Amino acid sequence: MKTVQEITALAKRQSKLIYRDGDKLYKTFDETYSKSSVLNESLNQARIEETGLKIPKIKEVTVIDGKCAIIMEFIEGVTLEDLMDEHPQKIDEYLNLFVDIQLEIHSKRSPLLTKFKDKMTDKIFKSDLDASTRYDLAMRWREMPDHNSVLHCDFNPSNVIIKKDGTPYIIDWSHASQGNASADAAKTYLIFELDGKKDIAEKYLKLFCEKTGTDEKYARTWIPLIAAAQLIKGKAENRAILMKHVNSVE
Ligand SMILES: Nc1ncnc2c1ncn2[C@@H]1O[C@H](COP(=O)(O)OP(=O)(O)OP(=O)(O)O)[C@@H](O)[C@H]1O
Ligand SMILES: [Mg+2]
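Per chain, residue numbering runs from 1 following the sequence as it is written. In the order they appear in the text, chains get letters beginning with A and ligands get numbers beginning with 1. Local features are withheld for residues below a pLDDT of 70 in this predicted model, meaning they are given only at 70 or higher, and side-chain atom pairs are given and counted only at 80 or more; totals for whole chains, interfaces and linings count all residues. In computing side-chain values, all of the structure's heavy atoms are included and hydrogens and water are not.

Colleague: Talk me through the overall build of the protein; I want residue IDs and the actual numbers.
Modeller: Each helix is a run of DSSP H or I of at least 4 residues and each strand a run of E of at least 2, with the numbering of both proceeding from the N terminus. On a plain count of helices and strands, the protein comes out with ten helices and ten strands. Note on method: radius of gyration uses C-alpha positions; expected globular size equals 2.2 Å times residues raised to 0.38. Rg of the C-alpha trace for the protein: 18 Å, near the compact-globule value of 18 Å for 250 residues, within the 12% margin. Principal axes of the C-alpha set define a box for the protein whose edges measure 60 × 40 × 35 Å. Looking at the 250 residues of the protein, the share that counts as buried comes to 46%. Here the accessible surface of atoms and residues is derived via Shrake-Rupley with a 1.4 Å probe, and residues count as covered only by protein chains that are part of the display. Accessible area of the protein: about 13,100 Å², with a carbon and sulfur share of 51%. Burial classification: accessible surface area is computed with a 1.4 Å probe over protein chains only, and a residue below 20% of its type maximum counts as buried, one above 50% as exposed, and the rest as partly exposed.

What follows is the structure, encoded as structure tokens:
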């Protein structure tokens, strides 16, 4: 029997419990998660493991007290989000590292991952936008340049753990897909903005464009398309920001 000290809860979400037991990290999901979505998250993670990126290795996928669980390596360290909060004066240095890690992800290929474009157009069709806007945005998505980079699709500083020796590990592969790197950058931009960090969002996008030689105007054309697909998540407080982007499409 483990003592409380040995088992540490790390994150409690409405429908997920994340805890540590020794060198293992347990991510358990309640019944609102289908078996297929948990298996999909672990399959994504297993596929990313094969690309050689530094991520926690999956040890087991199982059922504990009737709840699906992914058991993986525990990565000892501190998230880039905590570092950014603790040392705001170092934001440029951390953003630099953050973008470099994202570019390394984009340099990888994993041909069996879901295509981001298919996932996003499906979400737009399921949104509550009126039919002609839905159609127009989905067509725009289809016309955007295809690519086959590995995309994290939830790349934000809470999903990067820096080990004591400085090695960054990337976690939380539930949304991983393949597609155009600028689409992933637009997603990250929106995550910062919806988190009330518009200034960091702007800094981040500029840096991403600088490092990749991407025209900023072009990178920004992805933002309304990602915003439209996010409407389906339906958080009321986010809706105004997302709609502002959707309506910015000429
Ligand atoms: N393998 C791991 N090793 C150490 N800490 C971890 C690990 N996985 C998760 N954590 C910690 O738990 C937190 C939440 O984990 P994770 O990002 O996987 O869940 P989530 O953000 O709730 O997922 P989702 O985006 O799927 O809702 C992380 O920010 C990190 O602090
Ligand atoms: Mg996360």
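Colleague: Run through the coordination of the magnesium ion (ligand 2), naming residues and quoting values.
Modeller: Sodium, potassium and calcium take a 3.2 Å donor cutoff, other metals 2.8 Å, and in both cases only N, O and S atoms count; water is not among them, so sites may look incomplete. Listed as protein donors to the magnesium ion (ligand 2) are Asn159 (OD1) and Asp172 (OD); their distances from the metal cover 2.2 to 2.3 Å. Of the two residues, Asn159 is situated in the loop between β7 (149-151) and β8 (160-163) and Asp172 in the loop between β9 (168-170) and β10 (177-179); the sequence distance between them amounts to 13 residues. For Asn159, a relative accessible area of 4% puts it in the buried group.

Colleague: Outline the nonpolar core, listing residues and values.
Modeller: Nine residue types can take part in a nonpolar core, namely buried Ala, Val, Leu, Ile, Met, Phe, Trp, Tyr and Cys, and a core is a set of them joined through side-chain atoms within 4.5 Å. In terms of nonpolar packing, the biggest core is built from 56 residues, with Leu95, Trp141, Trp173 and Tyr204 touching the most fellow members. We call two residues contacting when some pair of their heavy atoms lies within 4.5 Å. The residues contacting Trp141, other than those within four sequence positions of it, are Phe116, Lys117, Met120, Thr121, Ile124, Ala183, Trp222, Leu225 and Ile226. Ala11, Leu25, Phe29 and Val38 belong to the second-largest nonpolar core, a separate cluster that totals nine residues.

Colleague: Summarise the site of ligand 1; cite the residues concerned and give the values.
Modeller: Whether a residue is near a molecule or strand depends on its heavy atoms: if one lies within 4 Å, it is near. Around ligand 1 lies a shell of 18 residues, among which Arg13, Lys16, Lys27, Ile75 and Asp172 are the nearest. With respect to ligand 1, the side chain of Asn159 contributes an N or O atom lying 2.9 Å from an oxygen atom. Here ligand 1 loses 85% of its free accessible area of 620 Å² to cover by the protein chains. Looking at the shell around ligand 1, the elements with two or more residues in it are β2 (16-21), β3 (24-29) and β5 (67-73). The class makeup of the residues in the shell around ligand 1 is eight nonpolar, four polar and six charged. For the purposes of these results, a polar contact is taken to be a pair of N or O atoms within 3.5 Å, where, inside protein, one atom must be able to donate a hydrogen and its partner to accept one; residues adjacent in sequence count only when each atom of the pair is a side-chain atom. Each residue is assigned to one class: nonpolar for Ala, Val, Leu, Ile, Met, Phe, Trp, Tyr, Cys and Pro, charged for Asp, Glu, Lys and Arg, and polar for all the others, Gly among them.

Colleague: Which residues make up the pairing of β2, and what are the values?
Modeller: The pairing of β2 with β3 spans six bridges and is antiparallel. In the strand pairing of β3, Leu17 is matched with Thr28. The loop that links β2 with its antiparallel partner β3 comprises two residues; one of these, Gly22, has a positive phi angle of about 65°. Strands were regarded as paired on the criterion that DSSP finds at least two bridges between them.

Colleague: Which residues make up the domain arrangement of the protein, and what values do they have?
Modeller: Along its sequence, the protein is carved into domain 1 (7-73) and domain 2 (77-247). Put simply, the middle of domain 1 and the middle of domain 2, counted by C-alpha atoms, are 22 Å apart. Counting residues at the interface gives twelve residues for domain 1, matched by 18 residues for domain 2. Buried area: the accessible surface (1.4 Å probe) lost by two parts on joining, summed over both. When domain 1 packs against domain 2, close to 1,300 Å² is buried across both sides, 66% of that on carbon and sulfur atoms. Contact with domain 2 buries surface across domain 1, with Arg47, Leu53 and Lys54 losing the most and accounting together for 41% of the total. Counted as salt bridges are all cases of a side-chain nitrogen of Lys or Arg within 4 Å of a carboxyl oxygen of Asp or Glu. Here domain 1 and domain 2 share one salt bridge between them. For Asp172, the salt bridge is made with Lys27, and the minimal N-O distance between the two is 3.3 Å. Per the annotation, domain bounds derive from an automatic or database assignment of domains.

Colleague: Could you give an account of the packing of helix α6 (residues 181-194) against helix α10 (residues 236-247), naming the residues involved and the relevant values?
Modeller: For the pair α6 and α10, interaxial distance at closest approach is 11 Å and the crossing angle is 140°. It follows from the interaxial angle that α6 and α10 lie oblique. Every pair of crossing elements has a handedness; the one defined by α6 and α10 is right-handed. Contacts between α6 and α10 pair Tyr189, Leu190, Glu193 and Leu194 from the former with Asn238, Ile241, Leu242, Lys244 and His245 from the latter. Taken together, the residues that form the contact of α6 with α10 break down as five nonpolar, two polar and two charged. Comment: axis = line fitted to C-alpha atoms, over the contacting stretch for helices; angle = value between 0 and 180 degrees taken between N-to-C directions. We call two directions roughly parallel when the angle between them is under 35 degrees, roughly antiparallel when it is over 145, roughly perpendicular when it lies between 65 and 115, and oblique otherwise. In this scheme the crossing of two helices becomes right-handed for a clockwise turn of the near helix relative to the far one and left-handed for an anticlockwise turn of less than a right angle.

Colleague: So what about α6? Which residues, and what values?
Modeller: Between its first and last C-alpha atoms α6 spans 20 Å; for 14 residues at 1.5 Å apiece the expected length is 20 Å, and the two agree. Among the 14 residues that make up α6, twelve are buried, leaving the element largely enclosed by the rest of the structure. All of the buried residues in α6 are Ala181, Ser182, Ala183, Asp184, Ala185, Ala186, Lys187, Thr188, Tyr189, Leu190, Phe192 and Glu193. Of the residues flanking the start of α6, the one acting as N-cap is Asn180, its side-chain oxygen 3.0 Å from the backbone nitrogen of Ser182. Taken from the residues just after α6, Gly196 is the one with a positive phi, measuring 80°. Multiplying 1.5 Å by the residue count of a helix minus one yields the expected span of that helix.

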